[in-house]
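So the chains spell out like this:
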Amino acid sequence: MDALFSKIEAFDTITIFRHIAADADALGAQFGLKTWIQETYPNKKVFALGNDTGPKANLFPPIDVARDDQIQHSLAIILDTANAARIDDSRWKSAAYKIKIDHHIFVDAYADEEYIEDRKGATCEILADMFQKKGLCLSKTCAEYLYGGLIADTLQFSIQATTPEMLRCGAYLVEQGVDVAKVNEQNFSKSWKEFEFETYIRTHYTLMDECIAYIIVHPSDYERYDLTLNQAKEKVYALSKVHEFQAWALFIETGQEQGESVYNGSLRSKNIEINDIAMSYNGGGHRFACGVKGLKEKDIQSLLQDLSKRMRKEKS
Ligand SMILES: [Mn+2]
C-alpha cells in the first residue's frame, strides 16, 4: 500500500470513483479517502465522482463536478468496484494513472495497480486498516465516513467475514472520535414507509424447500411506499436472521425486453458459498452476499433450482 501513498503525494489532482448504485461502503470509502487527502494535502484538488448516488446519498456531501481535462491529469482511485462496467462515470478511463482498491471477488483487471482483499468485509475496512498501519490520526468526519461503510457492509460486525482485524479497525476508528450510536442510527434506522415495505416483503415472500425464502418485486410494489428501485433492492435483509432460512433473495423488475420483464436480484446465504451461482447469472460479489442481473422469469426459476440443489447438497 505504500505505493498508493506515494502516488497520492505525486499527483496534484486526485479523482475518486466507485460503483454505480452507490451504497454506504462505496460512498463512505469515497468520502473517507477524499476527506483524509484534503486534510493532509490542502493544496491538492480532490474530486469524488459518480452520478448514481444511491439511497445513502443523504448521509454525504454532494458529488463533485470535474472537467474532462482535470480527470485526464489525475490519479484515479477506484473503490469498491470489481469490474470496469460497474464504475460510475466512464471518464475514469482517461485518468493518467489508475489504482483499484476493492474487497469483491476478482472480476477484471482494469487499473495500473490493483489492491484486492476479498476476505475483508468492506472497502472502508481496507482503508481503515491502511491508515491504522501507518499510525495516522484521522478527523472525526473522516473516521465516521469509514465507520459507516464498515458497519453497513458488515451488518454491524456480524457477517462471516468478521475477524479480529476487522474489529481492531472498528476500534481504531472509534478512537478517532466516531459517534457510534449516531452512525448506527444513520445507517440502520428506517422511515415508516420503508418499514411498511419490509412488512410487505415478509407477508408476500415464497418459501422453497423450507429453507430458501424469496420474493419477486415489481415497481408498483415499492412505488406505493415512495421507494426507488435502489432503496427497494436493499430490503432483501427483511428476510434475514430466520433460523430456518439458509438462503434468501429479492428479485426486482428493472424493465421490459421484448414484452418480457427483466429482473436484478440480491442473493444472501447464511453460511454456504453461493457466489459461483451468482456468477453464472451475470452476477458476482461476495461469497455469501451477491447480485445477479438481466434475468427473465425462467432464469429466476433456474437460479432458484441451483440454489435449492446447493442447499440440499450441503445439508446431506
Ligand atoms: Mn463494499
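This report concerns the structure included in the present document. This one's a predicted model, so the numbers in the text were calculated from it and none came from an experiment. Once a new chain begins, its residue numbering starts again from 1 and follows that chain's sequence as written. Under the rules for a predicted model, residues below a pLDDT of 70 receive no local features and side-chain atom pairs below 80 are neither given nor counted, while totals for whole chains, interfaces and linings still include all residues. Hydrogens and waters are ignored; side-chain quantities use all the structure's heavy atoms.

## Brief notes about the overall build of the protein
Move 1: A tally of regular secondary structure across the protein gives twelve helices and eleven strands.
Move 2: Expected size for 316 residues packed as a compact globule is a radius of gyration near 20 Å; at 20 Å, the protein falls within 12% of this value.
Move 3: With respect to the three principal axes, the spread of C-alpha positions in the protein is 60 × 45 × 40 Å.
Move 4: To sort residues, take the accessible area from a 1.4 Å probe on protein chains only and compare it with the maximum for the residue type: under 20% means buried, over 50% means exposed, and anything in between is partly exposed. Considering the protein as a whole, with its 316 residues, one finds that 50% of them fall into the buried category.
Move 5: Counted over contacts in the protein with a minimum sequence separation of 6, partners at least 24 positions apart contribute 63%.
Move 6: Computed with a 1.4 Å probe, the accessible areas rest on the Shrake-Rupley method; for each residue, only the protein chains presented here act as cover. Only carbon and sulfur atoms are counted for the fraction: they give 49% of the accessible area of the protein, which is about 14,300 Å².
Move 7: Both charge centroids of the protein, one from 37 positive and one from 47 negative side chains, sit 1 Å from each other. Counting from the N terminus, the helices are the DSSP runs of H or I reaching at least four residues and the strands are the DSSP runs of E reaching at least two. Here the globule rule is a power law, 2.2 Å times the number of residues to the power 0.38, and the radius of gyration is based on C-alpha atoms. Note on contacts: a residue pair is in contact if any heavy atoms of the two residues lie within 4.5 Å. Positive charges come from Lys and Arg alone, negative charges from Asp and Glu alone, with His and the N- and C-terminal ends not counted. Taken as the charge centre is NZ of Lys, CZ of Arg, CG of Asp or CD of Glu, depending on the residue.

## Regarding the pattern of salt bridges
Two side chains bearing opposite charge may form a pair once their charged atoms approach each other closely.
Move 1: Just to be clear on terms, a salt bridge is a Lys or Arg side-chain nitrogen sitting within 4 Å of an Asp or Glu carboxyl oxygen. According to the stated counting rule, one finds 22 salt bridges in the structure shown.
Move 2: One salt bridge connects Lys-34 with Asp-64, and the closest N-O pair in it is separated by 2.8 Å. Of this pair, Lys-34 sits in helix α2 (residues 24-40) while Asp-64 sits in the loop between β2 (45-48) and α3 (68-72), and the two are 30 residues apart along the sequence.
Move 3: The exposure class assigned to Lys-34 is buried, which follows from its relative accessible area of 13%.
Move 4: Among the residues examined, Asp-64 registers a relative accessible area of 22% and is labelled partly exposed.
Move 5: For Lys-182, the salt bridge identified is with Glu-144, shortest N-O distance 2.6 Å. One end of the pair, Lys-182, is in helix α7 (residues 180-188); the other, Glu-144, is in helix α5 (residues 140-153), and 38 residues separate them in sequence.
Move 6: Assessed through its relative accessible area of 33%, Lys-182 is described here as partly exposed.
Move 7: Shared partners join several salt bridges into a network, and the residues in it are Glu-117, Lys-120, Asp-129 and Lys-133.

## Let's talk about the packing of aromatic side chains
Within a pair of aromatic rings, the relevant descriptors are the distance that separates the centres and the angle that separates the planes.
Move 1: Each aromatic pair joins two rings of Phe, Tyr and Trp (for Trp, the six-membered one) with centres within 6.5 Å, and gets the label stacked for planes under 30 degrees apart, edge-to-face for over 60, and tilted for any other angle. Taken as a whole and assessed by the stated rule, the structure comprises 14 aromatic pairs.
Move 2: Aromatic side chains Trp-92 and Tyr-110 sit 5.3 Å apart centroid to centroid with 65° between the ring planes, which places their arrangement in the edge-to-face category. A residue pair is termed long-range when its members are at least 10 positions apart, and Trp-92 in the loop between β3 (75-79) and β4 (97-102) and Tyr-110 in the loop between β4 and β5 (113-116) qualify at 18 residues.
Move 3: Aromatic ring contacts, followed pair by pair, group Phe-5, Trp-36, Tyr-41 and Phe-131 into a single cluster.
Move 4: Two conditions define a charge sitting above a ring: the NZ of Lys or the CZ of Arg must be within 6 Å of the ring centre, and it must be within 35 degrees of the ring normal. Note that Lys-134 overlies the ring of Phe-5, its terminal NZ or CZ placed 4.4 Å from the centroid.

## Thoughts on the nonpolar core
Move 1: Only buried Ala, Val, Leu, Ile, Met, Phe, Trp, Tyr and Cys residues count toward a nonpolar core, and they belong to the same one when joined by side-chain atoms within 4.5 Å. Phe-131 and Leu-173 are the most contacted members of the largest nonpolar core, which totals 39 residues.
Move 2: Those residues within four positions of Phe-131 in sequence are excluded, and the remaining contacts are Phe-5, Leu-33, Trp-36, Leu-136, Leu-138, Leu-146 and Tyr-172.
Move 3: With 22 residues, the next largest nonpolar core counts Ile-272, Ile-277, Val-292 and Leu-303 among its residues.

## Topic: helix α6 (residues 164-175)
The α-helix winds at 3.6 residues per turn, so residues separated by three or four positions along the chain end up facing the same way.
Move 1: With twelve residues, α6 ought to run about 16 Å at 1.5 Å a step, and its terminal C-alpha atoms sit 16 Å apart, in line with that.
Move 2: Listing the buried residues of α6 in full gives Met-166, Cys-169, Gly-170, Tyr-172 and Leu-173. Buried residues of α6, seen end-on, are gathered within an arc of 160° and therefore sit on one face of the element.
Move 3: Where α6 is buried, its residues touch α4 (123-133) and α5.
Move 4: Looking one or two residues past α6, Gly-177 carries a phi angle of roughly 110°, positive in sign. Here a helix's expected span is defined as the number of its residues, less one, multiplied by 1.5 Å. Arc, as used here, means the arc of the directions from the helix axis to the C-beta atoms.

## Here's the deal with the coordination of the manganese ion
Move 1: Note that water is not among the atoms considered, so a metal site may appear incomplete; the donors listed are N, O and S atoms within 2.8 Å of the metal, with 3.2 Å applied to Na, K and Ca. The manganese ion binds to the protein through Asp-25 (OD), Asp-80 (OD), His-103 (NE2) and Asp-153 (OD); the donor distances cover 2.2 to 2.4 Å.
Move 2: Considered as a linear motif, the donors of the manganese ion on their single chain read D-x54-D-x22-H-x49-D. Taken as a pair, Asp-80 in the loop between β3 and β4 and His-103 in the loop between β4 and β5 lie far apart in primary sequence, 23 residues in all.

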